[in-house]
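Overview (structure and organization)
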Amino acid sequence: MNKSRILVVDDEVNFAKMLRFNLEATGDFEVDCIYSSAEVVTRALEFRPDLILLDIVMPGLDGGSVKHDLEAHPKLRQIPIIFITALVSKEDAEGGLFVESGGHCMLPKPVELHHLIRAIETRLASRAAPAAS
Amino acid sequence: MNTESQNEPLRILCVEGEDKDFEQVRSHLAGARRVPAGHRLERARSLEEALRAISSQPSGYDMILANLSLPDSGGEETFIHLQKAAPEVAVTVLGLGDHDMGLRLVKMGAQEYLCKDELTPDLLVRAILQAIERKRLQVELERLNRDLQAATENLRAAQLHLIQAEKLHSLGRMAAGVAHEVKNPLAMIQMAVDFFKNRASDDDKERFMLSAMQESVQRATRIVTEMQDFSRSHDLEVKPVDLNSVIEKALEFVAHELQQARIEVVRQLSPLPPAEMDRQKIEQVLINLLTNASHAVERNGRIKVRSFHGTVDHLLMHEGLRTLEHLRQGDEVVVAEIRDYGPGIPPDKLPYVFDPFFTTKPTGKGTGLGLSICKTIAEMHGGLLRIHNVHPPGVRAQLILRCSPHPLNPDPVT
């Protein structure tokens, strides 16, 4: 079975690496990491991820601006994004694990691996199926 | 005491045991050139008689002339009793020339010490009129002093309040920054816990370690997230809302937890007019209160949830709400009340329930931020959150919110 390709974008280098180790250990994912928001578009075009895990608070371009840049690119706009961020408060997270934000999801940091994997699988599945309204 | 009117006769009590000395006073008053427009001179022969006369006069005397040597009392003690019985009446002492005693008496509050042998009619009348005026001014000064003290106390309280609010605000700002910074390391610890969890181990100690680490991360996250909530922007999205609908939503949210603990919920919700509120934040408050109530009763307990409305005066009388601070007389309010039948809050802890981080729950069970946030939310709405111990034992929490102005009457207070 083909592994899903995940691109992790976070300026916290150790966190990004730990995420990669954990996701790859499941055997279901091939993961690449970048630590600077400036490289996202370039790397995404090379790596062709199925999904992007994106931090919000980063030096330079923040997550919101990166999302904007990705959506502006015809080859990249379809890629689902999951934001993982320390900014999400209990209020926002309490409704469940996700908070829908402009068609993308937000997960609070810290996030337990099984929650993250479920979120990834859900997003990938909904992308594979024809988009419901 | 008659102070203003010149038309009212001056009422003078002369406390004098000696007939001839009383006669002297009486004739001086009658013979003076400028007699106070009508005066009524009464006599008491003893201290006991004087005290009886003072207590039986509904409007009191304007002046007491007293000889301190009486059949049943003497010296300064006589003066002390008289002054205590009539604290707002001018007391002038008639004596035999003991000027040291005179000075002491004036220091104690006597208006003057007059020597009987030096008395003339005009002197007596002048002394009486001046004493009355001086006493009036003294009483007024004391009253102003008390008002000033009260005002100073209020100011001090307001200042403390402001300092506290500013501290909380800075704390809030700091908390937001700290919370964000702490969550990243927590996220990494979580990743590590997940990593080691996946390397299945039969070692009990290893599994225990990982489990404890996992719980610690969750606990730290909860605390830090509550800090973030505490410091969030204080913008409210206020709309007219039926408080009962918010109560129902909150009950739905905790339904599972209450059911698990087999806690009975008794509802007494009255129809309510709409009230201005940020629905989401008020729901947060009610969930918090319900959760506290459920923790208080633990298993097989009972909680009563009530709602009612009225004006502040009406509620003060019938619901025993006592003073409602910033809500004004005539304000229409709605109240959500959650009452548990648990053990109540220990009385020595009750004054601190709204302090951030204060908790009566066992270590690790509550972060204690909840009630302070709830109180802030209530106050941001111009309302109140009140927590009381009640009988039979339990805690009653009341969330009080202003009603929306009626469409036809924009300002219900006028």
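Residues numbered from 1 in each chain as written. Chains lettered and ligands numbered in written order. Predicted model: local features only at pLDDT ≥ 70, side-chain atom pairs only at ≥ 80, totals over all residues. Heavy atoms only, no water.

1. Let's talk about the interface of chain B and chain A
In this complex, chain B contributes 25 residues to the contact, which on the side of chain A involves 21 residues. When the buried area of chain B at its contact with chain A is split by residue, His 180, Met 188 and Met 191 of chain B rank highest and sum to 29% of it. Seen at the junction of chain B and chain A, the total is zero salt bridges. Viewed at the interface, chain A and chain B are joined by six residue pairs in polar contact (both at pLDDT 80 or more). Among the secondary structure elements, those contributing two or more residues to the side of chain B that touches chain A are helix 5 (121–198), helix 6 (204–231) and helix 8 (279–297) of chain B. Of the residues forming the side of chain B that touches chain A, the biggest block, 12 residues, is contributed by helix 5 of chain B. Across the side of chain B that touches chain A, the residue classes tally to eight nonpolar, 11 polar and six charged. (Contact = heavy atoms within 4.5 Å. Buried area = accessible area lost by both parts, 1.4 Å probe. Salt bridge = Lys/Arg side-chain N within 4 Å of Asp/Glu carboxyl O. Polar contact = N/O pair within 3.5 Å; in protein donor to acceptor, adjacent residues only side chain to side chain. Helix = DSSP H or I, 4+ residues; strand = E, 2+ residues; numbered from the N terminus. Nonpolar A, V, L, I, M, F, W, Y, C, P; charged D, E, K, R; others polar.)

2. Structural notes on helix 1 (residues 13–25) of chain A
Residue and element names in this part refer to chain A. Between its terminal C-alpha atoms helix 1 stretches 18 Å, which fits the 18 Å expected from 13 residues at 1.5 Å a residue. Buried within helix 1 we find Phe 15, Ala 16, Leu 19, Asn 22 and Leu 23. All buried residues of helix 1 fall inside an arc of 130 degrees around its axis, so they share one side. Phi turns positive one or two residues past the end of helix 1, at Gly 27, with a value near 85 degrees. (Expected span 1.5 Å × (residues − 1). Buried < 20%, exposed > 50% of the residue type's maximum accessible area, 1.4 Å probe, protein only. Arc of directions from axis to C-beta.)

3. Structural notes on helix 1 (residues 19–31) of chain B
Residues and elements named next belong to chain B. Here helix 1 spans 18 Å end to end across 13 residues, near enough to the 18 Å set by a 1.5 Å rise per residue. Inspection of helix 1 places Asp 21, Phe 22, Val 25, His 28 and Leu 29 among the buried residues, and these make up the whole buried set. The arc that holds the buried residues of helix 1, viewed along the axis, is 125 degrees, so those residues lie on one side. Residues of helix 1 that are exposed and point over 90 degrees away from its buried face: Lys 20, Ala 30 and Gly 31.

4. Regarding the pattern of salt bridges
Residue and element names in this part refer to chain B. Within the structure shown, the criterion is met by 27 salt bridges over all chains. Glu 76 is the salt-bridge partner of Arg 104, the closest N and O atoms lying 2.6 Å from each other. Highlighted residues: Arg 104 in helix 4 (residues 99–108) and Glu 76 in helix 3 (residues 75–85), separated in sequence by 28 residues. Look at Glu 76 and you get partly exposed, because its relative accessible area is 26%. Residues joined in a network through salt bridges with shared partners are Glu 16, Lys 20, Asp 21 and Lys 116.

5. Examining the pairing of strand 1 (residues 4–9) of chain A
Residues and elements named next belong to chain A. Burial of strand 1 is extensive: five of the six residues sit out of reach of the surface. Across six bridges, the pairing between strand 1 and strand 2 (residues 29–34) is parallel. The residue of strand 2 that forms the bridge with Val 8 is Cys 33. Taking the sense of rotation as the criterion, the β-α-β connection linking strand 1, helix 1 and strand 2 turns out right-handed. Where strand 1 and strand 3 (residues 51–54) come together, four bridges link them in parallel fashion. Looking at strand 3, one finds that Val 9 is bridged to Leu 54. (Pairing = 2+ DSSP bridges. Right-handed = clockwise from strand over helix to strand, strands pointing away.)

6. Some words on the nonpolar core
Counting 40 residues, the largest nonpolar core has Leu 243, Ile 282, Leu 286 and Leu 399 of chain B as the members making the most contacts within it. Among the secondary structure elements, those contributing two or more residues to this core are helix 7 (243–260), strand 8 (275–277), helix 8, strand 9 (302–311), strand 10 (332–340), helix 10 (370–380), strand 11 (384–390) and strand 12 (394–402) of chain B. Here the element with the most residues in this core is helix 8 of chain B; it accounts for eight residues. Judged by nonpolar contacts, the second largest core, of 25 residues, contains Leu 51, Leu 53 and Ala 119 of chain A together with Met 188 of chain B. (Core = buried A, V, L, I, M, F, W, Y, C linked by side-chain atoms within 4.5 Å.)

7. Some points on a nonpolar patch on the surface
A surface patch of nonpolar side chains, about 240 Å² in accessible area, is lined by Met 174, Val 178 and Val 182 of chain B. Here Val 178 of chain B is to be found in helix 5. (Patch = residues over 30% accessible without salt bridge, like charges linked within 9 Å, V, L, I, M, F, W, Y side chains within 5 Å. Areas by Shrake-Rupley, 256 points an atom, 1.4 Å probe, with all protein chains shown as cover.)

8. Quick word on the packing of helix 2 (residues 47–56) of chain B against helix 3 of chain B
Residues and elements named next belong to chain B. With their axes 10 Å apart at the nearest point, helix 2 and helix 3 run at an angle of 10 degrees to one another. By the criterion of interaxial angle, the relationship of helix 2 to helix 3 is roughly parallel. Across the interface between the two elements, Leu 47, Ala 50, Leu 51 and Ile 54 from helix 2 touch Thr 78, His 81, Leu 82 and Ala 85 from helix 3. Taken together, the residues of the contact of helix 2 with helix 3 break down into six nonpolar, two polar and no charged. (Axes fitted to C-alpha atoms, helices over the stretch in contact; angles between N-to-C directions. Parallel < 35°, antiparallel > 145°, perpendicular 65-115°, else oblique.)

9. What to know about unusual backbone geometry
Note the cis peptide between Lys 109 of chain A and Pro 110 of chain A, where omega equals -5 degrees. Topologically, Pro 110 of chain A is positioned in the loop between strand 5 (105–108) and helix 5 (113–128). Here the bond from His 391 of chain B into Pro 392 of chain B is cis, since omega is 0 degrees, no more than 30 degrees from zero. Topologically, Pro 392 of chain B is positioned in the loop between strand 11 and strand 12.

10. Quick look at the sheet that holds strand 12 of chain B
Residue and element names in this part refer to chain B. Spatial strand order, 7-9-10-12-11: five strands in an open sheet with mixed pairing. The strands lining the two open edges of the sheet, one partner per strand, are strand 7 (264–269) and strand 11. Each strand of the sheet is rotated relative to its neighbour by a mean of 15 degrees, with strand direction disregarded. Summarising the sheet, strand 9 and strand 10 pair through nine bridges and their orientation is antiparallel. Across the sheet, Val 305 pairs through a bridge with Ile 338, a residue of strand 10.

11. Things to note about the packing of aromatic side chains
Residues and elements named next belong to chain B. One pass over the structure, following the stated rule, counts one aromatic pair over all chains. Centroid distance Phe 195 to Phe 196: 5.3 Å. Interplanar angle 85 degrees. Geometry classified as edge-to-face. Among the residues examined, Phe 196 registers a relative accessible area of 44% and is labelled partly exposed. The ring of Tyr 61 has Arg 11 lying over it, and the distance from NZ or CZ to the ring centre is 5.2 Å. Over the aromatic face of Tyr 341 sits the side chain of Arg 302, whose NZ or CZ is 4.3 Å from the ring centroid. (Phe/Tyr/Trp six-rings, centres within 6.5 Å; stacked < 30°, edge-to-face > 60°. Lys NZ or Arg CZ within 6 Å of the ring centre and 35° of its normal.)

12. Side note on the pairing of strand 5 (residues 112–115) of chain B
Residues and elements named next belong to chain B. Relative to strand 5, strand 4 (residues 90–95) is paired through four bridges, and the arrangement is parallel. Paired with Val 93 across the two strands is Tyr 113, which belongs to strand 5. Where the polypeptide runs from strand 4 across helix 4 and back to strand 5, its parallel neighbour, the crossover connection is right-handed.

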